[in-house]
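# What the coordinates show
In case you want the letters, here they are:
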Amino acid sequence: MKPAPISDRLLRPILDAFLYGITVQNASGDLVYMNQAAAQLMGFSSQKTPLRKGADGVRSGFLMYDAEGNHFPADRLPGRLVIKTHTPHTATIRFRKPPSTKDHWTLVTAVPVFTGDTLEGVVNVLHDYTKHARSDALHKQVQEHENTLRMALDVANMGVWDWEIPGNTFSWSDGTKPRRSLTRGNKQGTFRQFLNHIHVKDREAVRRVILDAGKKRGKFEAEFRIPGRGKSHRWMLKRGEILTDKKGRPARMIGVGMDSTRQKKMEAELAEGNRKFRAVFNSTNVAMFITDTRLRILESNTAASRLFFPSLRSLSRLGVPEEVSTLNGDNELIITTKEGVTKTLEYRVHPSFLPGKHLFVFHDITSRADEDQRREHLLGIASHELRTPLASIKAFIALLKRKYLKKEYEGMTAYIEKIDETSDSVVRLVNDFLDIARIRENRLELYREQIDLNTLVRELAADLQLTIPTHTLHVRGTISTPVEADRQRISQVLINIIKNAVKYSPDADSVIIRLSDRNGSPRISIRDFGIGIEKSEQKKIFRMYYKVHAKSHKRIYGLGAGLFIARTIMERHNGSIKIQSKPGEGSTFHIDLPISSKP
Ligand code: ADP
């Protein structure tokens, strides 16, 4: 018996109850029926809307894409293909019906309906799998994130690890590189196995930290050693978090781990360096300050607090210049201590010894300065006393010279010459001491007169040449501006510098003295081809008693006061002495004088 045909009225509610979308097209492709699910899926407000000629979806304002997001052409719609080919067709189409921006991922299956050989129409079954597609896309995204993360971890020498607690599987990736029980790569084991590869001394602590975090459902951090070969070990830093299941039980623990050996070593070195510095900083009797770049005191050591007022907040208060680059080498400072005692301090700065911080070191040189002063005072007195006897010695030598300057006393005259030279050195020494005393007591007086430097320098060079057999003194150039200066003192400066030029160029045979007008002011430049002076020494050689302590010219005699006196003389003339020098190539001393106020 043939089953009774189901009436249209009965069929519709059945089809509407279907989860799948169902549409029916006639043989021309017109949409003649759709169930509720199909209307919803395609974004129609009513099942009636598209039931008109030619409304197969394309003409109803759909946007259609394929799975890759490319436009899906209407002639590839399965319904149309069925009408063309009379065979079933399937396609994945993403529908969107503006203004909605939501895509419906739909699997469309179209089958032909025949009556006999004639195509009656097409039935389309639409399966909306948007939810699935979304989770697929999500999955893909997660994977991409994971890849990026892995890459980042690799670069940072880190690894991920994951403990699935109920199953007790512990897995970790390359970055964490366990050394012992488990091999390289992605490893798995139990929690116990994981603990076993930790240094025995750290094992218990790590276990406690992790289990504690488990109990508290929180985050944790553990640093521990992993034994290596022999007594060596590596440090690991693991950070992680416990994830709980729906019932709040710890389910997974995930986190990152990294090899912190290098960091640990650096920390240890840093701590040691810091300890050493602290020990020195606080136990030395040298006063030290750490300041910011504006010289505000950030830290001071015990010696500093003993010497300076506790209210001292900034070193600029003491007159230390903020532009520390102008401070090179040792600098002097005179202060009054908390006890009201005047002290002479010598200080040095280590600019930016830490980023944005300077270190100042102060030495108390009061006793040295006092001693220098006492010595100078004594020498001053002695020199003064020596002046008269020296003058008579010189007079007697002159007498002797005159008397014995005859052929028959040839041997004798050589001795007399020696005595003369030696007594000259003593006279110079005495004069230097007297000058130092004058400078110290501010008694250096100048007797200015109008002088012609061209004549003065040429005459002086000619005189000096008589006593210098080793070098030729070349005088070049002229000075056109007249000067008003102390003839004696200027000569003294020139003699000193020319003699130095000879003294410190033992392998050369000439010294060049050049006269010029520099920016209209007279300049005398004395150039030698000798040992030269290191840049760092160039300022220092003008200090009292300063000598460059190089093995190379240890044997060259000198008090080390000549340039100090010369500079003072030039400064008193409102002039200056500048140096240009290169070790091994020689030096040029420029003596600059101001233009005379009275032409
Ligand atoms: P000294 O009596 O030692 O020559 P000075 O005050 O004249 O004393 O010079 C100080 C130091 O400067 C010298 O000891 C020497 O080291 C250095 N000096 C001076 N002139 C020259 C020069 N022309 N070449 C190299 N070094 C020099």
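Above this text sits the structure in question.
This report concerns the structure included in the present document. Quick caveat: nothing in here was measured; it's all calculated off a predicted structure.

### With respect to the overall build of the protein
- A count of helices and strands for the protein gives 13 helices and 24 strands.
- Burial analysis of the protein (599 residues in total) assigns 39% to the buried set.
- For the protein, the proportion of contacts with a sequence separation of at least 24, taken over those separated by at least 6, is 51%.
- Accessible surface for the protein amounts to roughly 36,400 Å². Of this, 54% is attributable to carbon and sulfur atoms.

### Describing the sheet that holds strand β19 (residues 472–477)
- Overall, mixed pairing links the five strands, which are arranged β19-β21-β22-β24-β23 in an open sheet. Pairing within the sheet leaves two strands with one partner each, and these edge strands are β19 and β23 (576–582). Shown here is a sheet whose adjacent strand axes are inclined to one another by a mean of 15 degrees, direction ignored.
- Pairing analysis gives five bridges linking strand β22 (residues 521–527) to strand β24 (residues 586–592), with the strands arranged antiparallel. Counted as the bridge partner of Ser 525 is His 590 from β24.
- Helix α11 (residues 453–467) rests against β19, β21 (510–518) and β22 of the sheet, and its axis sits at about 170 degrees to β19.
- Together, β23 and β24 form the strand contacts of helix α13 (residues 562–572), whose direction differs from that of β23 by roughly 135 degrees.

### Focus: the pattern of salt bridges
- Applying the stated criterion across every chain, the model contains 20 salt bridges.
- One salt bridge in this structure joins Arg 239 and Glu 221, with 2.7 Å as the shortest N-O distance. Highlighted residues: Arg 239 in strand β11 (residues 233–244) and Glu 221 in strand β10 (residues 219–227), separated in sequence by 18 residues.
- Judged by its relative accessible area of 46%, Glu 221 falls in the partly exposed class.
- Where salt bridges share partners, they join Lys 394, Lys 401, Glu 417, Asp 420 and Asp 424 into one cluster.

### Structural notes on the packing of helix α12 (residues 487–503) against α13
- Relative to each other, α12 and α13 sit at 145 degrees, their axes nearing to 9 Å. Read as a crossing pair, α12 and α13 show a hand that is left-handed. Between α12, through Arg 489, Ile 490, Gln 492, Val 493, Asn 496, Ile 497 and Asn 500, and α13, the contact on the second element is made entirely by Gly 562, Leu 563, Ile 565, Ala 566, Ile 569 and Met 570.
- Residue composition of the contact of α12 with α13, grouped by class: eight nonpolar, four polar and one charged.

### Considerations on the packing of aromatic side chains
- Going through the model one piece at a time under the given rule, you end up with ten aromatic pairs.
- Grouped by ring-pair contacts, the aromatic residues Phe 289, Phe 308, Tyr 347, Phe 360 and Phe 362 constitute a single cluster.
- Over the aromatic face of Trp 235 sits the side chain of Lys 264, whose NZ or CZ is 4.3 Å from the ring centroid.

### Description of the side chain of His 471
- Within the secondary structure layout, His 471 lies in the loop between α11 and β19.
- A distance of 2.8 Å separates the side chain of His 471 from the side chain of Thr 470, its partner in a polar contact.
- Among residues more than four places away in sequence, those in contact with His 471 are Gln 465, Val 502, Ser 505, Ala 508, Asp 509, Ser 510 and Val 511.

### Brief notes about helix α3 (residues 78–85)
- Looking only at α3, the buried set comprises Pro 78, Gly 79 and Val 82. Buried residues of α3 fall within an arc of 105 degrees about the axis and therefore sit on the same side.

### Regarding the pairing of β21
- Judged from the six bridges that link them, β19 and β21 form a sheet pairing that is parallel. Opposite Thr 472, over in β21, you have Ser 510 as the bridge partner.
- With antiparallel pairing between neighbouring strands as the criterion, β21 and β22 make up a hairpin whose turn holds two residues, including Asn 519 at a positive phi of roughly 50 degrees.

### Quick notes on the environment of Phe 114
- By the secondary structure assignment, Phe 114 is in strand β5 (residues 104–115).
- For Phe 114, a relative accessible area of 36% corresponds to the partly exposed category.
- Taking C-alpha positions, Phe 114 is 9.0 Å from His 86, a pair spaced 28 residues apart along the chain.
- Filtering out sequence-adjacent residues up to four positions away, Phe 114 remains in contact with His 86, Leu 119 and Glu 120.

### Notes on the side chain of Arg 225
- Tracing the sequence through the fold places Arg 225 in strand β10.
- In this structure Arg 225 comes out as buried when scored by relative accessible area, which is 18%.
- In this structure Arg 225 touches Ile 198, His 199, Lys 201, Asp 202, His 233, Arg 234 and Trp 235, once residues within four positions along its chain are discounted.

### Points about the site of the ligand
- Around the ligand there are 22 residues in total, and Asn 500, Tyr 504, Asp 528, Gly 560 and Leu 563 lie nearest to it.
- Between Tyr 504 and the ligand, the recorded distance is 2.9 Å, taken from a side-chain N or O atom to an oxygen atom.
- The backbone of Leu 563 places a nitrogen or oxygen atom 2.8 Å from an oxygen atom of the ligand.
- In isolation the ligand offers 530 Å² of accessible surface; the protein chains occlude 97% of this area.
- Counting only elements with at least two residues in the shell around the ligand, the list comes to α12, α13 and β24.

### Remarks on the sheet that holds strand β17 (residues 357–364)
- Within the open sheet, the five strands sit side by side as β14-β13-β17-β16-β15. Their pairing is antiparallel. Whereas interior strands pair on both sides, the edge strands pair on one side only; in this sheet they are β14 (297–300) and β15 (331–336). On average, each strand axis in the sheet is inclined to that of its neighbour by 30 degrees, with strand direction left out of account.
- The strands that helix α7 (residues 261–283) touches are β13 (287–292), β14, β16 (342–354) and β17; relative to β13, the one it contacts most, it runs at about 120 degrees.

### Points about α12
- The terminal C-alpha atoms of α12 lie 24 Å apart, and with 17 residues this matches the ideal 24 Å at 1.5 Å per residue to within 8%.
- If you check the start of α12, you find a side-chain oxygen 3.1 Å away from the backbone N of Gln 488, and it comes from Asp 486.

### Points about unusual backbone geometry
- Notably, His 86 is not glycine yet its phi reads approximately 65 degrees, a positive angle.
- Looking at the element boundaries, His 86 is found in the loop between α3 and β4 (89–96).
- Here His 86 falls in the partly exposed class, since its relative accessible area comes to 37%.
- Positive phi is not limited to glycine here, since Ser 352 has a value of about 45 degrees.
- Counting through the fold element by element, Ser 352 comes out in strand β16.

### Examining the packing of helix α10 (residues 410–440) against α13
- Orientation of α10 relative to α13, taken along the N-to-C sense of each, is 45 degrees, at an axis distance of 10 Å. Classified by the angle their axes make, α10 and α13 are oblique. α13 is crossed by α10, and the crossing has left-handed handedness. Taking contact as the criterion, the partners of Asp 432, Asp 435, Ile 436 and Ile 439 in α10 are, on α13, Phe 564, Ile 565 and Thr 568.
- Looking at the contact of α10 with α13 residue by residue, the classes come out as four nonpolar, one polar and two charged.

Calculation rules
Note on numbering: residues in each chain are counted from 1, in written sequence order. Side-chain atom pairs in this predicted model are given and counted only at pLDDT of 80 or more, local residue features only at pLDDT of at least 70, and totals for whole chains, interfaces and linings cover all residues. Heavy atoms throughout the structure, all of them, feed into the side-chain values; hydrogens and water do not. Secondary structure is summarised from DSSP: a helix means a run of H or I of at least four residues, a strand means a run of E of at least two, and numbering begins at the N terminus for each. Per-residue accessibility, obtained with a 1.4 Å probe over protein chains only, is compared with the maximum for each type, and a residue is labelled buried under 20%, exposed over 50%, and partly exposed between these values. Between two residues, a contact is recorded if the distance between any of their heavy atoms is within 4.5 Å. Surface accessibility in these figures is a Shrake-Rupley result with a 1.4 Å probe; residues are shielded only by whichever protein chains are displayed. Only strands that DSSP links by at least two bridges are regarded as paired with each other. Axes here refer to lines fitted to C-alpha atoms; in helices the fit is confined to the stretch in contact. Angles between the N-to-C directions go from 0 to 180 degrees. Counted as salt bridges are all cases of a side-chain nitrogen of Lys or Arg within 4 Å of a carboxyl oxygen of Asp or Glu. Crossings are assigned a handedness: left-handed for a near helix turned anticlockwise from the far helix by less than a right angle, right-handed for a clockwise turn. Three classes are used: nonpolar for Ala, Val, Leu, Ile, Met, Phe, Trp, Tyr, Cys and Pro, charged for Asp, Glu, Lys and Arg, and polar for all others, with Gly counted as polar. Stacked, edge-to-face and tilted labels apply to pairs of Phe, Tyr and Trp rings (six-membered ring for Trp) whose centres lie within 6.5 Å, assigned for plane angles under 30 degrees, over 60, and everything in between, in that order. Our definition puts a charge over a ring when NZ of Lys or CZ of Arg is within 6 Å of the ring centre and also within 35 degrees of the ring normal. We call two N or O atoms a polar contact when they sit within 3.5 Å, provided that within protein one can donate a hydrogen and the other can accept it, with sequence-adjacent residues counted only if both atoms are side-chain atoms. Read the arc as the range of directions from the helix axis to the C-beta atoms. The near set for a molecule or strand comprises every residue that places at least one heavy atom within 4 Å of it. Each residue after the first adds 1.5 Å to the expected span of a helix. Just so you know how the angles are binned, under 35 degrees is roughly parallel, over 145 roughly antiparallel, 65 to 115 roughly perpendicular, and the rest oblique.

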